[in-house]
Each structure stands twice: as C-alpha cells, then as structure tokens.
Amino acid sequence: VQLQACGGGLVQAGGSLRLSCAASGRSFNNYVMGWFRQAPGKAREFVAATRWSAGSAHNADSVKGRFTISRDNAKNMVYLQMNSLKPEDTAVYYCAARFSPSGSIYYTAQTYDYWGQGTHVTVSS
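First things first, this report covers the structure right here in the doc.

Remarks on the sheet that holds strand E8 (residues 77-82)
Then comes step 1: Strand order in the open sheet made by the four strands is E1-E3-E8-E7, with antiparallel pairing throughout. Looking at the sheet topology across the chains shown, the edges are occupied by strand E1 (2-6) and strand E7 (67-72). Looking at each pair of strands side by side, their axes are set apart by 15° on average, direction ignored.
Then comes step 2: Sheet topology places strand E3 (residues 17-24) next to E8; six bridges connect them, and they run antiparallel. Opposite Leu17, over in E8, you have Met82 as the bridge partner.

So, the state of the cysteines
Then comes step 1: The final tally for this structure, using the stated rule, is one disulfide.
Then comes step 2: Residue pairing for Cys21: its cysteine sulfur links by disulfide to Cys95, the two sulfurs lying 2.2 Å apart. The disulfide joining Cys21 to Cys95 has a torsion of about 60° about its S-S bond and is therefore right-handed. Taken together, the residues span a long stretch of sequence, with Cys21 in strand E3 and Cys95 in strand E9 (residues 91-99) at a distance of 74 residues. No difference in accessibility class separates Cys21 from Cys95, as the two residues are buried.
Then comes step 3: The closest cysteine sulfur to the non-disulfide-bonded Cys6 is located on Cys21, 8.6 Å from its own sulfur.

Notes on the packing of aromatic side chains
In this description, an aromatic ring pair is defined by two values, namely the gap between the centres and the angle between the planes.
Then comes step 1: Enumeration over the complete set of coordinates arrives at ten aromatic pairs.
Then comes step 2: Following the ring pairs from residue to residue traces out a cluster consisting of Phe36, Phe46, Tyr94, Tyr107, Tyr112 and Trp115.
Then comes step 3: Over the ring of Tyr79 we find Arg18; its NZ or CZ atom is 4.1 Å from the centre of that ring.
Then comes step 4: Directly above the aromatic system of Trp115 lies the positively charged group of Arg44, at a separation of 4.8 Å from the ring centroid.

With respect to the side chain of Arg66
Then comes step 1: With respect to the helices and strands, the residue Arg66 is situated in the loop between strand E6 (58-59) and E7.
Then comes step 2: In this structure, Arg66 is in contact with Gln81, Met82, Asn83, Ser84, Leu85, Lys86 and Asp89, ignoring residues within four places of it in sequence.

Considerations on the pairing of strand E5 (residues 45-51)
Then comes step 1: A large share of E5 lies buried, amounting to five of its seven residues.
Then comes step 2: One ladder, built from six bridges, connects strand E4 (residues 31-38) with E5; its direction is antiparallel. Bridge pairing in E5 links Val32 to Arg51.
Then comes step 3: Following E4, the chain reverses through six residues before pairing antiparallel with E5; Gly41 in that reversal takes a positive phi of roughly 80°.

About the criteria used
Residues numbered from 1 in each chain as written. Predicted model: local features only at pLDDT ≥ 70, side-chain atom pairs only at ≥ 80, totals over all residues. Heavy atoms only, no water. Pairing = 2+ DSSP bridges. Helix = DSSP H or I, 4+ residues; strand = E, 2+ residues; numbered from the N terminus. Axes fitted to C-alpha atoms, helices over the stretch in contact; angles between N-to-C directions. Disulfide = S-S within 2.5 Å. Buried < 20%, exposed > 50% of the residue type's maximum accessible area, 1.4 Å probe, protein only. Phe/Tyr/Trp six-rings, centres within 6.5 Å; stacked < 30°, edge-to-face > 60°. Lys NZ or Arg CZ within 6 Å of the ring centre and 35° of its normal. Contact = heavy atoms within 4.5 Å.

In structure tokens, the structure reads:
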C-alpha cells in the first residue's frame, strides 16, 4: 500500500492550498481516509476524514468552514482543500488510511493503518 501526499508549500495568511493524496496497492473500499497534521514540537492531530466508499466528511473544529476533504474514487485520490489559511495551520500534513468496514470514523493517529510521507505547509503572517 502506498499513500503519496503532495501539494504543500508556502502561502500567505488568507491564502489557499489543495493537498492531494494518491492511494495505491489495494482496494480502499471499507477504508476511512484521513488527513492529519503535525507542527514542530506537537503531537500529530486529526484534521479531516471521509469514508472511501460514501458518506459525509468529518472535520476538526479548528478547520471547520475552512478545509474540505474530498475523494475521487475513479482516480484513487483524496484531496484536502484548505482556504483562509492561518499561521497556526503551519505543519507537515499527512494522509492516512484506516480499515473500517463498519464505516466508523477514527480521530486518533495511532489507529490508522497506512501513512503517506507528509507534505509541508507553511503559512506566513
């Protein structure tokens, strides 16, 4: 299984970025796909998640109304559209996958099975 995240970069506060995650190596039906982030000196934290097959998105309170997770099943891609970026959004962003046949959404990094390599997002003030 491979998850490859890209799309990070340097952006001014108020700007936008779209992160992409290419998933390969297996069928991701019955999986939950998530985005997490980790700022220097801090623990990895949940950002957003969605079921691969269907269902609504789940977002952390800190990004609600600003970030949107989506997927393109035909292309095996998961996206994170980030708008109205703030300096506190600066972090390494990771995509992750967790087997969840019940469809339950998981919010803890340790519970995810597969991880991408991370992409850096820096928001300047």
